[in-house]
Amino acid sequence: MIGYIYYILDLTNADMYIGSTNNIENRKRQHKQNKFNKCISKKIIENNNYIFEILEQNDFKDKNELHKREQYYIDNNKCINKLASFRSGDYRKQYKYEYNKSNKMKEYYKNWNEENKEKQIEYKKNYRINNKDKTKNYYEKNKHNFYRRVCCIKCKKELNLHSLKRHNNTYH
Ligand SMILES: [Zn+2]
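Residues numbered from 1 in each chain as written. Predicted model: local features only at pLDDT ≥ 70, side-chain atom pairs only at ≥ 80, totals over all residues.

Undergrad: Run through the overall build of the chain, naming residues and quoting values.
TA: Counting its regular elements, the chain contains seven helices and five strands. Taken from the N to the C terminus, the helices and strands of the chain come in the order β-β-α-α-β-α-α-α-α-β-β-α. Considering only intrachain contacts with a sequence separation of at least 6, the fraction spanning at least 24 residues in the chain is 58%. (Helix = DSSP H or I, 4+ residues; strand = E, 2+ residues; numbered from the N terminus. Contact = placed C-beta atoms within 7 Å.)

Right, here's the structure in full:
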């Protein structure tokens with residue numbers, strides 16, 4: 001199965017959403033259909049100043065493999081996908097969106113992390129060993145976006161995209 005990991009990067013605040021799909025054009029359309037979009041990427045789409053880029057295209061055994069790969073990127077990047085667990089279908093996405101900031105979620109998080117600590121460490125370790133080149137490649141391929149010149153919408157200062165978050169937290 002050909003699968004894709006992609007990101008949507010908000011050029012107004014450097015928020016990044018990471019997602020995966022086996023039908024990239026379809027998924028792109030879904031993100032844009034705001035009425036039906038329950039995904040946490042909604043905020044980025046609403047700001048309407050973003051780039052959509054493919055991080056990786058690969059042949060995956062099944063959806064589960066694809067989601068694990070997606071999770072790897074989520075774990076290793078600053079992104080708005082908060083839930084640190086393997087996804088079990090669309091239900092999780094919806095759940096994640098609705099309960100993102102609730103205490104219930106925090107608790108769930110904590111428990112999950114504790115229960116799966118070793119599994120995660122093991123997975124990350126194996127992943128690093130098996131995908132050393134690929135991971136390096138990703139940073140090389142996407143470096144340019146983080147050095148993109150963008151303009152702060154609040155004070156109009158021009159700066160690098162990767163400094164935008166810090167700038168916002170410090171000055172606004
Ligand atoms: Zn500013």
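Alright, that's what it looks like, and here's the rest.
Undergrad: So what about the sheet that holds strand E1 (residues 2-10)? Which residues, and what values?
TA: A sheet is described by the order of its strands in space; here three strands give the open sequence E2-E1-E3, paired in antiparallel fashion. Each edge of the sheet is formed by a strand with only one pairing partner; in this case those strands are strand E2 (16-21) and strand E3 (50-59). Across the sheet, the axes of successive neighbouring strands diverge by a mean angle of 20°, strand direction being ignored. Across the sheet, helix H3 (residues 63-75) is in contact with E1, E2 and E3; its angle to E2 comes to roughly 165°. (Pairing = 2+ DSSP bridges. Axes fitted to C-alpha atoms, helices over the stretch in contact; angles between N-to-C directions.)

Undergrad: For unusual backbone geometry, give the residues involved together with the corresponding values.
TA: For Ala14, which is not glycine, the phi torsion reads 65° and is therefore positive. Residue position: Ala14 is located in the loop between E1 and E2. Unlike most non-glycine residues, Lys156 shows phi in positive territory, near 65°. With respect to the secondary-structure elements, Lys156 resides in the loop between strand E4 (149-151) and strand E5 (158-160). Looking at Lys156, the number of C-beta atoms within 10 Å reads 7, which means it is exposed. (Buried ≥ 20, exposed ≤ 12 C-beta atoms within 10 Å, placed from the backbone.)

Undergrad: Outline the nonpolar core, listing residues and values.
TA: A general trend in soluble globular proteins is that nonpolar side chains are found buried together. Within the largest apolar cluster, 21 residues are counted, with the highest numbers of intra-cluster contacts made by Ile5, Tyr7, Ile8, Met16, Tyr17, Ile18 and Tyr73. For this core, the secondary structure elements donating two or more residues are E1, E2, E3, H3 and helix H7 (161-171). In terms of residues, this core owes the most to one element, E1, which gives six residues. With residues near it in sequence (within four places) discarded, Ile5 still touches Ile18, Ser20, Leu55, Glu56, Arg69, Glu70 and Tyr73. (Core = buried A, V, L, I, M, F, W, Y, C linked by C-beta atoms within 7 Å.)

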